[in-house]
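Close look at the chain arrangement
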Amino acid sequence: MTYPKLTRRIVCTSTVIWLAVCTAFGETADLEQQLDLLMKQNAALQETVKKQQSTIDSLNQRVGDIEKSRSEDFSPGKPLPNERPDTGGVKFGPVSIGGEGAVAFFSGQANSAFPEAQFRVDEAKLFFEAPIWGDTYFFTELNLATREDDDIDLNLGELYLDWEDLSKLWGEQRQLNLRIGRIDIPFGDEYLYRDAIDDPLISHSISDSWGVDEGLELYGSLGKFSYVVAVQNGGVSGTRDFDGDKSVSGRLSCDPNHWLHFSLSGMRTGDLDAEDDELSEVWFGGGWFRSIGSPATTTFHANLVQSDISMKFSRGLLRAFGGYAQYDDNDPTANNRRNFYYYSVEGVLDVTKKFYTAARFGQIFVDGGYPLPGQGNVGTYFFSPFAPFAEELWRCSIGLGYRFSPHLIVKTEYSFEGGKEVGGASRDNVNVFAAQAAFGF
């Protein structure tokens with residue numbers, strides 16, 4: 001091999017090696033730049049993921065707080081003051097059907113409403129709801145059994161047409177809504193949680209103001225405030241009114257936050273015919289308002305005012321209300337005016353997430369006395385012409401409950417009751433023990 005050829009080979013080989021080294025060095029430098037860029041992008045991505053996870057955790061916490069608040073809320077403070085029950089149990093096209101009920105065992109003392117131990121269908125209700133047109137809905141409640149009835153015949157509860165969001169006419173929502181038909185009397189808060197599935201106890205308060213009557217109702221909300229105003233017949237007849245003077249009732253509520261609720265209610269039964277109306281539609285003290293005048297009395301009426309407060313806590317709730325009522329009639333032979341003062345305090349404590357204990361205490365005071373059956377025998381203490389007039393009535397109820405789910409609750413309770421009648425006699429032997437399973441779908 002000649003020197004020039006060897007030289008050329010050495011030069012070529014050296015050139016190839018040099019080019020390979022330079023190429024490798026260039027690719028390595030470029031790779032390092034790419035790796036550095038990827039590391040920076042990965043760090044930025046991790047920071048973004050952390051921020052997104054923080055946002056997700058915050059939203060989950062808020063949803064959890066809302067669900068917990070709803071699960072702990074037995075009652076008031078709803079966005080609208082008179083929401084229809086959730087009838088979404090079964091759907092047949094546009095028609096929703098739901099139901100609530102309770103089966104129970106009662107055993108009371110000799111003068112109570114349950115002097116013999118007995119099993120009962122304590123409550124059975126069916127709800128039907130259907131859209132009619134736009135924001136107009138039909139709703140009805142059919143009562144198959146209630147504690148106040150001695151039979152298990154079919155009776156009509158609420159039935160109304162509900163025109164929602166009339167305030168859309170001026171560009172606002174939920175400010176004005178209208179109902180016409182047979183409607184709950186919107187006095188106080190207790191009727192909102194009186195059904196067995198909503199009541200933490202089995203008994204009700206000592207005053208237990210509630211009723212269903214024919215008429216019309218306006219309701220709505222504005223910010224933290226909500227209202228209900230109703231004009232209704234006032235008497236117990238479900239088919240006609242025997243006096244043209246109407247019952248007027250209303251409630252103004254305020255919910256400053258998710259755990260605090262206030263309301264102020266007022267009502268006048270209107271004049272009621274002592275012979276034909278006989279009784280007011282609103283219940284009070286385990287009975288109704290009725291005439292206590294002589295046979296010459298032609299009309300009677302009652303006026304009521306009440307304030308409610310409820311507070312929800314992480315492990316329970318506290319409710320209280322107090323009120324004043326006045327009865328009067330046009331008896332030409334005597335002054336039968338009566339002044340009522342009453343109150344109730346109730347507490348619920350969640351021992352665990354499902355097991356709870358509850359207690360309620362309340363009293364009614366009446367100047368001059370009035371027939372108040374309480375949980376005593378209604379025939380003896382209300383309908384009898386010789387029914388004693390109570391000047392004071394009190395009740396203390398203590399109970400335990402277990403929530404299997406929002407749709408099934410079992411409870412047990414012992415309810416003590418006593419008082420003083422006109423003349424000084426004591427109201428005795430009306431205590432009641434009860435056990436109940438309440439359900440809904």
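That block above? That's the structure.
One structure accompanies this document, and this report is about it. (Residues numbered from 1 in each chain as written. Predicted model: local features only at pLDDT ≥ 70, side-chain atom pairs only at ≥ 80, totals over all residues. Heavy atoms only, no water.)

1. So, a nonpolar patch on the surface
Heads up, the rule is: Candidates for patches are residues over 30% relative accessible area with no salt bridge; among them, like charges are joined within 9 Å and nonpolar side chains (Val, Leu, Ile, Met, Phe, Trp, Tyr) within 5 Å. All accessible areas in this document rest on Shrake-Rupley with a 1.4 Å probe, and a residue is counted as covered only by the protein chains that are shown. Put simply, a salt bridge is a Lys or Arg side-chain nitrogen that is within 4 Å of an Asp or Glu carboxyl oxygen. For the purposes of this entry, the term helix denotes a DSSP run of H or I that reaches at least four residues, the term strand denotes a run of E that reaches at least two, and both are numbered from the N terminus.
There is a patch of nonpolar side chains on the surface, built from Val 103, Val 121, Tyr 402, Phe 404, Leu 408, Val 410 and Phe 439 and spanning about 540 Å² of accessible area. Where the nonpolar patch is concerned, the elements lending two or more residues are strand S18 (390-405) and strand S19 (408-421). Along the polypeptide, Val 410 turns up in strand S19.

2. Here's the deal with the packing of aromatic side chains
Worth spelling out the cut-off: Each aromatic pair joins two rings of Phe, Tyr and Trp (for Trp, the six-membered one) with centres within 6.5 Å, and gets the label stacked for planes under 30 degrees apart, edge-to-face for over 60, and tilted for any other angle. Relative accessibility under 20% of the residue-type maximum defines a buried residue, over 50% an exposed one, and the middle range a partly exposed one, all with a 1.4 Å probe and only protein chains included.
One pass over the structure, following the stated rule, counts 23 aromatic pairs. Taken together, a centroid distance of 5.3 Å and an interplanar angle of 20° make the contact between Trp 210 and Trp 283 stacked. On the criterion of sequence distance, the pair formed by Trp 210 in the loop between strand S6 (177-184) and strand S7 (212-222) and Trp 283 in strand S12 (residues 279-284) is long-range, its members being 73 residues apart. As far as the burial class goes, Trp 210 and Trp 283 line up, both buried. Through a chain of ring-to-ring contacts, three or more aromatic side chains come together here, namely Phe 284, Phe 289, Phe 300, Phe 321, Tyr 327, Phe 340, Tyr 342 and Tyr 370.

3. Here we look at the nonpolar core
Nonpolar side chains tend toward joint burial in soluble globular proteins. Stated formally: To define a nonpolar core, start from buried Ala, Val, Leu, Ile, Met, Phe, Trp, Tyr and Cys residues and group those joined through side-chain atoms within 4.5 Å. Residue contacts follow a heavy-atom distance rule, with two residues in contact if any of their heavy atoms lie within 4.5 Å.
Counting 23 residues, the largest nonpolar core has Phe 284, Phe 289, Leu 304, Phe 340, Ile 364, Tyr 370 and Leu 372 as the members making the most contacts within it. Elements with a contribution of two residues or more to this core: S12, strand S14 (299-313), strand S15 (316-329), strand S16 (338-350), strand S17 (355-370) and S18. Contacts of Phe 284, omitting those with residues within four sequence positions, involve Ser 207, Asp 208, Ser 209, Phe 289, Leu 304, Phe 340, Tyr 342, Ile 364 and Leu 372. The next biggest cluster of nonpolar side chains, apart from the first, holds 10 residues, and it includes Ala 102, Ala 196, Val 348 and Ala 438.

4. Re the environment of Gly 423
Here Gly 423 shows up in the loop between S19 and strand S20 (426-427). Its relative accessible area of 83% is what places Gly 423 among the exposed residues.

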